[in-house]
Amino acid sequence: MTGWTADRIPDQHGRVAVVTGANSGLGLVTATELARHGAHVVLAVRDTAAGEQAARRIDGDTEVRELDLASLESVRAFAAKLAVDHPVIDLLVNNAGVVLLGPRRTSADGFELQFATNMLGHFALTGLLLDNLAAAREARVVNLSSITHKNAHLDFDDLMSERGYRATTAYGRSKLATTIFGLELDRRLRSAELPIASVLAHPGLTRTNLTPRAWEHRGRLGRAIARLGLLATQPVERGALPQLHAATAAGVRGGQFFGPAGLAETRGRVTEARLSRDAADPAIGRRLWTAAQVLTGVGYL
């Protein structure tokens, strides 16, 4: 894995890839590289105008479709049409996410917005596209984790962070939940003997537009903090490598977790990353899966 770069992505011709949040940041780099190597890439984006603008910058075969992961109605509508138009889906990259450092906000369905977008929306989307993924020869689902998951713990009595809300704590929980989901999905796929690998990745500290947006509620001070924070980050092209490796590299197995190798997994070459104890706990995985099925109304595996 030493020195793995996007130039080592295998030929993707004949493959259909769906990338959520593909109009900017990590998602745009991921979509660009997949298309550059021959995949037909579906840019699943909340803002289709921004998605079309991004698609024009990509040299390859793309299409733009509307998807708001914070709305289960939108997730269902997106999946229903996509499933008909693309009976076989080879790759689903659950990349989209939000970071909110201001007051507590809720989704269209009344869920805490970070948990809804980062985990529940992707849980529902994956389930609704499972048959299409199973129709592929060697499909993969990639979920985007974060190093913040290592210090987080889920409170199953308060999954929506309604008590004593702290934005950073809620974000960490959402990313822990995403990580647990990816690992529990792998267990269930293997148990069902489906030809789909569930893989995880995280970008370390990477320069994207999420950091400035997270601080925008603080006005001029927030903009200054965001600019200082960006000095500690690596370029988005490097930050996207772990998820591109998870999505395309030969020999990747379900349940693997990739991230940067240097400075406490904040930057550097791609390597296998470390999971927190909670993330790897099958009992927590089963409990979260049951909760997600109830919350989203999407049951599978």
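Since this is a predicted model, take the numbers as computed values, not measurements.

Rules used in this analysis
Residues numbered from 1 in each chain as written. Predicted model: local features only at pLDDT ≥ 70, side-chain atom pairs only at ≥ 80, totals over all residues. Heavy atoms only, no water. Phe/Tyr/Trp six-rings, centres within 6.5 Å; stacked < 30°, edge-to-face > 60°. Helix = DSSP H or I, 4+ residues; strand = E, 2+ residues; numbered from the N terminus. Buried < 20%, exposed > 50% of the residue type's maximum accessible area, 1.4 Å probe, protein only. Contact = heavy atoms within 4.5 Å. Polar contact = N/O pair within 3.5 Å; in protein donor to acceptor, adjacent residues only side chain to side chain. Pairing = 2+ DSSP bridges.

What is the right way to look at the packing of aromatic side chains in this model?
Between two aromatic rings, the relevant description is the distance of the centres plus the angle of the planes. Counted under the stated rule, the structure contains 5 aromatic pairs. Consider the rings of phenylalanine 123 and tryptophan 289, whose centres lie 4.9 Å apart with planes at 75 degrees: the pair is edge-to-face. Taken together, the positions of phenylalanine 123 in helix α4 (residues 113–128) and tryptophan 289 in helix α12 (residues 282–296) put the pair 166 residues apart, joining distant regions of the chain. You'll find phenylalanine 123 and tryptophan 289 in the same group, each marked buried.

What's the story with the environment of alanine 139 in this structure? I'm lost.
Tracing the backbone shows alanine 139 in strand β5 (residues 139–144). Residues alanine 139 and isoleucine 196, spaced 57 residues apart in sequence, show a C-alpha to C-alpha distance of 4.7 Å. When near neighbours in sequence (up to four residues on either side) are disregarded, alanine 139 contacts Ile89, Asp90, Leu133, Pro195, Ile196 and Ala197.

Explain the environment of asparagine 143 here, please?
Along the polypeptide, asparagine 143 turns up in strand β5. Between the C-alpha atoms of asparagine 143 and leucine 200, which are 57 residues apart in sequence, the distance is 5.0 Å. The contact partners of asparagine 143, leaving out residues within four places of it in the chain, are Asn94, His122, Thr178, Phe181, Gly182, Ser198, Val199, Leu200 and Ala201. Reaching out from asparagine 143, the side chain makes a polar contact with the side chain of asparagine 94 at a distance of 3.1 Å.

Before we go on, may I ask you to explain helix α10 (residues 241–248) in this structure?
Burial runs high along α10: 8 of the 8 residues are buried. Taken residue by residue, α10 has Leu241, Pro242, Gln243, Leu244, His245, Ala246, Ala247 and Thr248 as its buried positions.

Honestly, the pairing of strand β6 (residues 196–201) in this entry has me stumped. Any pointers?
Within a regular strand, the side chains alternate between the two sheet faces. With 6 of 6 residues buried, β6 lies mostly within the body of the structure. Alternating positions in β6 separate into two faces, Ile196, Ser198 and Leu200 on one and Ala197, Val199 and Ala201 on the other, with burial throughout. Across 6 bridges, β5 lies against β6 in parallel orientation. What sits directly across from alanine 139, in β6, is isoleucine 196.

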